[in-house]
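A structural walkthrough
Residues per chain, in single letters:
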Amino acid sequence: MKVVFTVFPETKDRDLQTEINCLPPDAEILRAVYEPEHLDAYYEILSQADAVISDFAPIRKEAIDRMQKCKIIALETTGFNFVDVEYAKSRGIAVTNVSGYCTQEVADHTLALILSLERRFPYLRRRIEEDYAWEMETIQKMGVHRIEGQTLGIIGFGKIGKAVAQRARSFGMKIVAYDPYVPKEVMDNMNVNRAELDELLEISDIISVHMNLTEDNEGLLNMDMFRKMKKQPFLINVARGGAVVEADLVQALDLGLVKGAALDVLESETPDLTKNPLLHRDNVILTPHTAFYSDEAYRISLEIGAYNARYYCEGKMGQVQNLL
């Protein structure tokens, strides 16, 4: 059994021992490094795979066409927009993802970002560390408000959206949510007001994105949507970078349509930060796709991905999780 791990250049040397411990002892381990300028080498290694294990390195039609032996693409992530899932399935390749392994971590990270923006931590840290200023006068001009009583709009009300709602309620926030796939009674049972997207954008003081990325919602938050945000909210995105049009967000921040933003994900998984206009702003927080992370969550995601690859190839379908 040949198992190919798809990796980026910056992760090509990462330790695979957690996954190897879950695979058959005689499994042959290969790494396919995704480099746009060397795709032939990437495809060549993928062509040898009986199973592929991936965490964000793209697997598109051109790659899938070369994967003549492959039985399964086992993702170590919840998101799967970087894989042509339906095409893979049409070629007889199963695709699995992982879910539920980091719900607590992402929800905690979301609340940490909300509090950090509202309490103006980026500004205060810069003033202290760069200006050596120990004063409170300027923050009085910034409009710092009590969290209690503010309206949090949640876009995407799956496991993580629900966990965020539970945490936010403990701060006394009002919760509204938009998710066309979640019945109203589910939100009613959690005392969450169901809203259409335009209504949520209009009434929310803080907007937090928790949806999977699909062709239908890619670029959902664009300039047209920012102009509907009547309360100049804070925007939180810990879901997928492609949900937000970055250039439009920059413009919305410059125009004051959005008060501030906290992003754990950007449009690119490997952004060039030297040229990113979101940096060096007192009202923006960036974290490098780490909302999911704890030692426990990371280990679980690796184990699920590896076991899915193993069990599928061994025909133990009852033990395979999250077939897409």
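Residues numbered from 1 in each chain as written. Predicted model: local features only at pLDDT ≥ 70, side-chain atom pairs only at ≥ 80, totals over all residues. Heavy atoms only, no water.

**Quick word on the UniProt feature "domain: D-isomer specific 2-hydroxyacid dehydrogenase NAD-binding" (unreviewed entry) in the chain**
The line we're drawing: UniProt positions are given in the numbering used here, feature names are shortened, and annotations may be inferred rather than shown by experiment. Put simply, DSSP H or I for four residues or longer makes a helix, DSSP E for two residues or longer makes a strand, and each gets a number counted from the N terminus.
Here, the residues flagged by UniProt with the feature "domain: D-isomer specific 2-hydroxyacid dehydrogenase NAD-binding" (unreviewed entry) are residues 111-291. Between the end C-alpha atoms of residues 111-291 there is a gap of 11 Å, over a span that is 30% helix and 15% strand.

**Focus: the pairing of strand β6 (residues 151-155)**
Applied cut-off: Working definition: with a 1.4 Å probe on protein chains only, accessible area under 20% of the residue-type maximum means buried, over 50% means exposed, and in between means partly exposed. For crossovers, right-handed means that the path from the first strand over the helix to the second runs clockwise, given strands pointing away from the viewer. Note on pairing: DSSP must find at least two bridges between two strands before they are called paired.
Most of β6 sits out of view: five of its five residues are buried. A crossover connection joins β6 to the parallel strand β7 (residues 174-178) through helix α7 (residues 159-169); in handedness this β-α-β unit is right-handed. Bridge count for β6 against strand β9 (residues 206-209) is four bridges, and the pairing is parallel. Within β9, the residue paired with Ile154 across the bridge is Ser208.

**Here we look at the state of the cysteines**
Which entries qualify depends on this criterion: For this text, the term disulfide refers to a pair of cysteine sulfurs within 2.5 Å.
Following the criterion strictly, the structure yields zero disulfides and no others. Here Cys313 is not cross-linked by a disulfide; its sulfur's nearest cysteine counterpart is in Cys70, at 7.4 Å.

**Thoughts on unusual backbone geometry**
With phi around 65°, His280 is a residue other than glycine that occupies positive phi space. On the secondary structure map, His280 appears in the loop between β11 (260-263) and β12 (284-286). Under the relative-accessibility criterion, His280 is labelled exposed at 80%. Although it is not a glycine, Asn322 adopts a positive phi angle of roughly 60°. Within the secondary structure, Asn322 is located in the segment after α12 (295-313). Residue classification places Asn322 among the partly exposed positions, given a relative accessible area of 27%.

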